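Secondary and tertiary structure notes
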Amino acid sequence: MTVEEQRAGSRISRPEIRLVRRGFTDPARAVRLLDGPGLEGLADDPVLLDALGATADPDLALLGLARLLEAADEPERNTLRDTLTTSKPLRDRLLGVLGVSIALGDHLARHPHDWHALVTFELRDMHPGPEDFRRALAEGVGDGAPSPANALRVAYRRCLLAIAARDLTGTTDLAQTAAELADLAGATLQTALDLAAEQDPEAAAACRLAVIGMGKCGGRELNYVSDVDVIFVAEPREGVDEHAAVKAATRLAAALTRLCSDTTGEGTIWPVDANLRPEGRNGPLVRTLASHLAYYQRWAKTWEFQALLKARPVAGDAELGAAYVEALAPMVWQAAARENFVTDVQQMRRRVIDSIPAPELDRQLKLGPGGLRDVEFSVQLLQLVHGRTDPALRSGNTLEALAALSRGGYVGRADAASLDAAYRFLRSLEHRIQLHRLRRTHLMPTAEEDQRRLARSLAALINDDTRSDPVAALQREWKRHAVEVRRLHEKLFYRPLLDAVAELPAGAAGLTPDAARARLEALGYADPAAALRHISALASGVSRKAAIQRTLLPVLLGWFAESADPDAGLLNFRQVSDALGRTPWYLRLLRDESAAAEQLARVLSAGRLAPDLLLRAPEAVAMLGDPQGLAPRGRAALQSEVLAAVGRAGSAAAAVAAARSVRRRELFRTAAADVLGRLGEDPAEALDAAGEALTALNAATLQGALRACVAGWEAEHGDLPTRIAVIAMGRFGGHELGYGSDADVLFVHEPLLGSLEQEAARAAQAVCNELRTLLGAPSTEPPLLVDADLRPEGRSGPLVRTLASYAAYYRRWSHAWESQALLRAEPVAGDEELGARFRRLIDPLRYPGAGVPERDLTEIRRIKARIEAERLPRGADPTTHTKIGRGGLADVEWTVQLLQLQHGHELPALRTTRTRAALAAAAGAGLVGPADAEVLEAAWVLASRVRSAVMLVRGRPGDSFPGDARELSGVARYLGYGSGHSGELVDDYRRTTRRARAVVDRLFYGAG
């Protein structure tokens, strides 16, 4: 017994069991229907029952048949019964439709005579075209119809019934079905236009109007239910003013739209959508040909030319329609030469995906990843890139264009075949879903009975056997095709580039060198010739390395193309592979760790800093293969490793070099994690994490270097006669270091008991000078520049002072700005006890008990104003300079520091070296309003992130936005702005810092 029979058990009768075996899920209702009016005597007809059982949904097919027979008059019913039992083609077509489409079943119940339309197209080799449909529609709305508009809708559904019957019985394939639907749409538009002209003969006499089919209608690949995209173009007839002609044409176009889109009577045929016209819904409905040309020559965006790829005259004045397409075609096929062409197209695709509601993403056949739109965008992009020079590619039909791309070698044959099969399956699935209720949808239904019906109707296209578990078989086939589409969408542009540099077998088609360069250029590679050389070097040969890289390159090239600088990504990958290509673990990483390969591609194309660090020691790639490889390391772990490396070295120079090597590797770890978004989802959180990581790293490096230099001095002179502590200042002390920050420090020493102060000072000076020299010396490792200019007396003062000397200076000579600088002082290396004593020394200076005297307040404001006026680099824009520009870092930091000087003695929460923590404490104490605090923090975080981005992208520090467009694009991408949105970043920065400056003027300068 079948599963259904076992579930039913003894509760069902023998007739019901026979129905269950034929696929009925509600046998009791089926028995009642077979005993009802119209079906008398057919319950025992095995031919009819077998035909019902062969449909996608036998219960639905039987219900539709019962309703049709019940609605027909007696002569019609007898004719239909006779035909059902004697004509297998008619029986299969009618029941096939009724078993899939409840909407067409409703139509037949309302118009029972329309089943004769299934006989009209009985011959297997008959392919109805536009004229056949026009005749059928014209007959339906002929003289005597009480409502021509309603008659048009009935006639349309009658034709649709015939198309569906041929489709569901396999008489036509997907391409032919979609073409017939498009031809029916064109015939409907023409009939509606004829009706509009009859209703408004004055308008018809004043103008020539052409209807241009767009989208799937234009490409002759229409769905069963879809908006029909059109563009209207008009010209005046002889002797008619152009304005009057356009006005008349607009009346005709509006009437046509109402006839097709109106929901009264038999309901909507489909909405006519003219929003692809110039200026969209805000533009005039109808334009002259000259007006269209003027718009596309001056104002059109890339996506508008992509849309025009499918433009085809479908109704109205054929000569004018042909002139429209001919005039615009040259512009369409030059669209790929536009700046940011591929970026614009890919961006539009991403916007489509981003607009899908999250609950629908996994059910979307059309717009989701691996869906129909991926196929269409891929094919259209390749058409526009190569159609400039190859007219064979200029088809508006997706499958025809895909075949042409394959014949021309632009897409590999196997890839084209896989994509063709996936597209046919997904479109067929979409058609079956829409046919059920004739509703416009692209979502996979969730109900099991709906999926069962879909699976049975598509059994011929599903590789698995659908009889045992139709729903599971459908799901597997759908997911298989979706995965294949995603895979091919990623590699489609890049696999043929490998063939272009390979030796293909005789007779095999491939991209010519010129076509390969054109594709690379369109995809954003600035030097396509060099890119081809790199691809050739990476993919050529018979080695294991070349084989792995041939497999991976198509995906890598796509990842590089999504970056701001694809050329740099590809070059950096070649250099890393040249360095590590013989290393087994590297080859395994590329072969087995797809996530690591993607991370490598993102890092290599994100800017110069991380790749430069990696190329100095490519073995750091191994971090990307470790799930925890990019996690920041704490200061204790870093210091332990640095001190161990220093201890193994034979000299001070070698020891500092070892410390710098560790620092370089850890800089790469932090930079890579930052580029990949692994430091935190919130921008401020990620900024804090980077600052902490860089501060810990520099502190550990200084600790190791200090120990190395002390050991070097002692090896030559004996025991060091003093203790030394290193005090971090500025952003270093604030744990707010950026990638390009110097290490601002103060050096303090204290002679050991019994040592002469002069000898101790000379030893401390020598050690600290050696430390600065070795850390900043030219090397393959990045330098750590140690800046001690914030010391008393600046560059004129001694590099190192004793604690007592600091105390004497601060007691007698200290200025207000020095107290302000000490707000960020924090011991980071050397003797911990001495560092703690230094902190106790300076606390009364930076948190004065009496606050800030008025004269000091005036002095601080005067110095700040002088810095703004004198230190801004010549030619720099004060609205975008991140450090001392308006609303930038200095504005926010000086404002916060002034509050710390004024209130730190009474508010312990203000006694921190960190800017954001101090600002939060000031807001918590009511010293700054919540809104003002939010404005200041936003400006400080954004300015800090811009500085980090500039360093990551350019490989050298900078306080302003880069002037180079590619570098600016890289900065924008790091900050979360999509390609082509660099201008938005600059605008947002100016807006944010302008607000911050207004707060600074009030809080710091005391302005109104």
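Residues numbered from 1 in each chain as written. Predicted model: local features only at pLDDT ≥ 70, side-chain atom pairs only at ≥ 80, totals over all residues. Heavy atoms only, no water.

1. Things to note about unusual backbone geometry
Residues other than glycine seldom take positive phi values, yet Leu438 does so here, at roughly 50 degrees. You can see Leu438 is positioned in the loop between α22 (413–437) and α23 (448–457). The class of Leu438 is buried, set by a relative accessible area of 16%. Of note, Glu793 is a non-glycine position whose phi angle comes to about 70 degrees, a positive value. One can find Glu793 in the loop between β8 (786–787) and β9 (800–802). Among the residues examined, Glu793 registers a relative accessible area of 45% and is labelled partly exposed. (Helix = DSSP H or I, 4+ residues; strand = E, 2+ residues; numbered from the N terminus. Buried < 20%, exposed > 50% of the residue type's maximum accessible area, 1.4 Å probe, protein only.)

2. Brief notes about the packing of aromatic side chains
Enumeration over the complete set of coordinates arrives at 11 aromatic pairs. Pairing Tyr296 with Phe305 gives two aromatic rings, centres 6.0 Å apart and planes at 55 degrees, and the pair type is tilted. On the basis of relative accessible area, Phe305 is assigned to the buried category, the value being 4%. Measuring from ring centre to ring centre gives 6.3 Å for Phe560 and Phe573, while their planes differ by 50 degrees; the resulting arrangement is tilted. Of this pair, Phe560 sits in helix α28 (residues 544–561) while Phe573 sits in helix α29 (residues 566–580); the two residues are 13 residues apart in sequence, bridging distant segments of the chain. We classify Phe573 as buried; its relative accessible area is 1%. (Phe/Tyr/Trp six-rings, centres within 6.5 Å; stacked < 30°, edge-to-face > 60°.)

3. Details of the layout of surface pockets
By volume, the largest pocket is sized at about 1,600 Å³. Lining the largest pocket are 49 residues, and of these Asp744, Leu790, Arg871, Lys883 and Trp894 sit closest to its centre. Sorting the residues of the lining of the largest pocket by element identifies α35 (683–717), α36 (730–733), α39 (816–821), α41 (854–870), α42 (889–903) and α44 (930–954) as the ones contributing at least two each. Among the elements that line the lining of the largest pocket, the one with the most residues is α41, at 7 residues. (1 Å grid on protein atoms, 1.4 Å probe; cavity = no way out; pocket = protein on both sides within 12 Å on 5 of 7 lines; lining within 4 Å. Points joined across faces, edges and corners; volume = space filled by probe spheres on them.)

4. What to know about the pattern of salt bridges
Tallied over the full model, the rule gives 63 salt bridges. Among the ionic contacts, a cluster of salt bridges with common partners joins Arg633, Glu641, Arg665, Glu666 and Arg669. (Salt bridge = Lys/Arg side-chain N within 4 Å of Asp/Glu carboxyl O.)

5. Side note on the nonpolar core
Membership of the largest hydrophobic core comes to 164 residues, with the highest contact counts inside it found for Tyr296, Leu429, Leu557, Phe573, Leu702 and Phe747. Sort the elements by how many residues they give to this core and α35 lands first, with 14 residues. If sequence neighbours within four positions are ignored, Leu702 has contacts with Val726, Phe732, Val745, Leu771, Leu775, Leu784, Val786, Val828 and Ala829. One finds Leu33, Ala51, Ala103 and Leu209 within the second-largest nonpolar core, a separate group that totals 87 residues. (Core = buried A, V, L, I, M, F, W, Y, C linked by side-chain atoms within 4.5 Å. Contact = heavy atoms within 4.5 Å.)

Bear in mind that shape data such as this cannot, by itself, settle questions of function.
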